[in-house]
Amino acid sequence: MAQVPEGGGGGGGKGKKRAKKGSTHIDMTPMVDLAFLLLTFFILTTTMYKPSSLQMTYPVPPKPDDPPPPPTQLSNAVTLLLTKNDQIFYYKGEFRKEATEKGPPTTLTQTNFKDVQKLLVENNKQTVAKLNEVAKEFNEKKITEDEYNEKRKAIKGDKDNLKAIIKTDADAKYRNMIDMVDEMDISGIGSYGVVDKLKPEEQALLDVEKAKL
Amino acid sequence: MSKIKMPKSSPALDMTPMVDLAFLLVTFFMLTAQFRPEEAVAVDTPSSMSQSTIPTENMMTIVVDTTGKVFWDFTDKKMRVAVLEKLGERVNYVPTEEEKMKFVNAGPVGVPIQDLKALLSLETGAERKAFMASHEGIPVDSTNNQLFEWISVTRNIFWNDAGHNPVVALKADGNTNYSSVADVIRTFQAPGVMISKFKMITDLEASRM
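So, a few notes on the structure that sits alongside this text. (Residues numbered from 1 in each chain as written. Chains lettered and ligands numbered in written order. Predicted model: local features only at pLDDT ≥ 70, side-chain atom pairs only at ≥ 80, totals over all residues. Heavy atoms only, no water.)

## A word on the pairing of strand E5 (residues 163-168) of chain A
Residue and element names in this part refer to chain A.
No. 1: Judged by how many residues are buried, E5 sits mostly within the fold: 6 of 6 residues are covered.
No. 2: Neither face of E5 is exposed, since Lys163, Ile165 and Lys167 on one face and Ala164, Ile166 and Thr168 on the opposite face are all buried.
No. 3: Relative to E5, strand E2 (residues 77-83) is paired through 6 bridges, and the arrangement is parallel. By the bridge assignment for E5, Leu81 is matched with Lys167.
No. 4: When E5 meets strand E6 (residues 192-195), the two strands line up parallel, connected through 4 bridges. Opposite Ile166, over in E6, you have Val194 as the bridge partner.
No. 5: With respect to chirality, the unit in which E5 leads through helix H5 (residues 174-186) into the neighbouring parallel E6 is right-handed. (Buried < 20%, exposed > 50% of the residue type's maximum accessible area, 1.4 Å probe, protein only. Helix = DSSP H or I, 4+ residues; strand = E, 2+ residues; numbered from the N terminus. Pairing = 2+ DSSP bridges. Right-handed = clockwise from strand over helix to strand, strands pointing away.)

## Thoughts on the sheet that holds strand E4 (residues 109-112) of chain A
All names here are of chain A.
No. 1: Strands sit in the order E4-E3-E2-E5-E6 across an open sheet of 5 strands; the sheet is mixed. The sheet is open, and its two borders are formed by E4 and E6, each paired with just one other strand. Geometrically, the sheet is characterised by an average inter-axis angle of 25 degrees between neighbouring strands, direction not taken into account.
No. 2: With 6 bridges joining them, E2 and strand E3 (residues 87-92) adopt antiparallel strand pairing. Residue pairing for E3: Thr79 is matched across the bridge by Tyr91.
No. 3: Running at roughly 20 degrees to E3, helix H2 (residues 116-123) makes contact with E2, E3 and E4 of the sheet. (Axes fitted to C-alpha atoms, helices over the stretch in contact; angles between N-to-C directions. Contact = heavy atoms within 4.5 Å.)

## Quick look at the interface of chain A and chain B
It is common to report an interface's size as the accessible area lost on association of the parts.
No. 1: Residue-level contacts link 38 residues of chain A with 47 residues of chain B.
No. 2: Linking chain A to chain B there are 0 salt bridges.
No. 3: Run the count over chain A and chain B and you get 5 residue pairs in polar contact (both at pLDDT 80 or more).
No. 4: For the side of chain A that touches chain B, the secondary structure elements donating two or more residues are helix H1 (29-45), strand E1 (52-57) and H5 of chain A. (Salt bridge = Lys/Arg side-chain N within 4 Å of Asp/Glu carboxyl O. Polar contact = N/O pair within 3.5 Å; in protein donor to acceptor, adjacent residues only side chain to side chain.)

## Description of the environment of Leu24 of chain B
All names here are of chain B.
No. 1: Relative to the helices and strands, Leu24 resides in helix H1 (residues 16-32).
No. 2: Overall, the relative accessible area of 56% leaves Leu24 in the exposed class.
No. 3: Considered as a pair, Leu24 and Thr45 are 21 residues apart in the sequence and their alpha carbons are 36 Å apart.

Below you can see the structure in the form of structure tokens.
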């Protein structure tokens, strides 16, 4: 009555030893699990680390036998003094120790990195407007990228534009200087210089202001 | 009744294409991933709006950390060995093969030239990091401007090898006093080096990411 196991009967033991026919399908689930685990790990841990850079061009120092360069016209320049606690002091035009026919003696005005952009853009309105115009043309694809860059360069190179002199005192941070150079780009100031030494008279005025901070 | 008989699909899906794709992606990510090398110097670069990127080869980087210590770094291994040998000559130091390997993989290096031997005799990266932390970095003061030597040696070797100058980058921490950075820039402009174009490495401002 009991069921006879397959291959249990019959003569000889040949049938007993036959290997089981395995299925040709392998269960791939664990492998897929692992693959996706690794995939997720790599996707999540990969950070696209791409540092950017600011291209700086410094003037080549003059040779000793070169004639001294003509003095820069500072009437349309703003001098920004960077100092401690991310503060900026600025004055417009040339530095005047005492009142002359051109105006009263120079005083420093305080500003900071939030407001300086407004100040620069306001003093450089025409250039910014021109730059915005070409940017608009470029966005509407009226001009090519090369033309755009060319035009930008021409507008920024105009002699009558606002100039900026960035001066850092001993307490200014490198970050401040980078931020300032960035602002130059935003407010369309093509000619600016970075100086790390203040004139004694500027330092004296700045020290008074610093004491108030 | 209906003429079209939908074939009964088997509940077991053929996962082979999916697995293929998954492994392809895994392989791609594993092979392209570059582990960020452990930085010998922690430098938190300031952010800027500039979108131009930096090259991954033929670049000399001068690193300035928060305290104003100066480090030298170069991207190409062959150049690093050549620079080490040349600078070693100056203090009668002939690096062994093992020491050269250490130097190649060290990332930014910032010790006075006379301390190079002591630095490279240390076994682990952690020891070397501690050594550099306790030393003064590459001197840039006007009486003993070793940074000038590092730069001019690097540029000479590179020029003889490639026929043009390497890209120069300045990587400084945002909280470094600008005067320390200005010392480095002055060295860049010194007669005999005259680097007037260089890149300042920054992070892309978060708002633009």
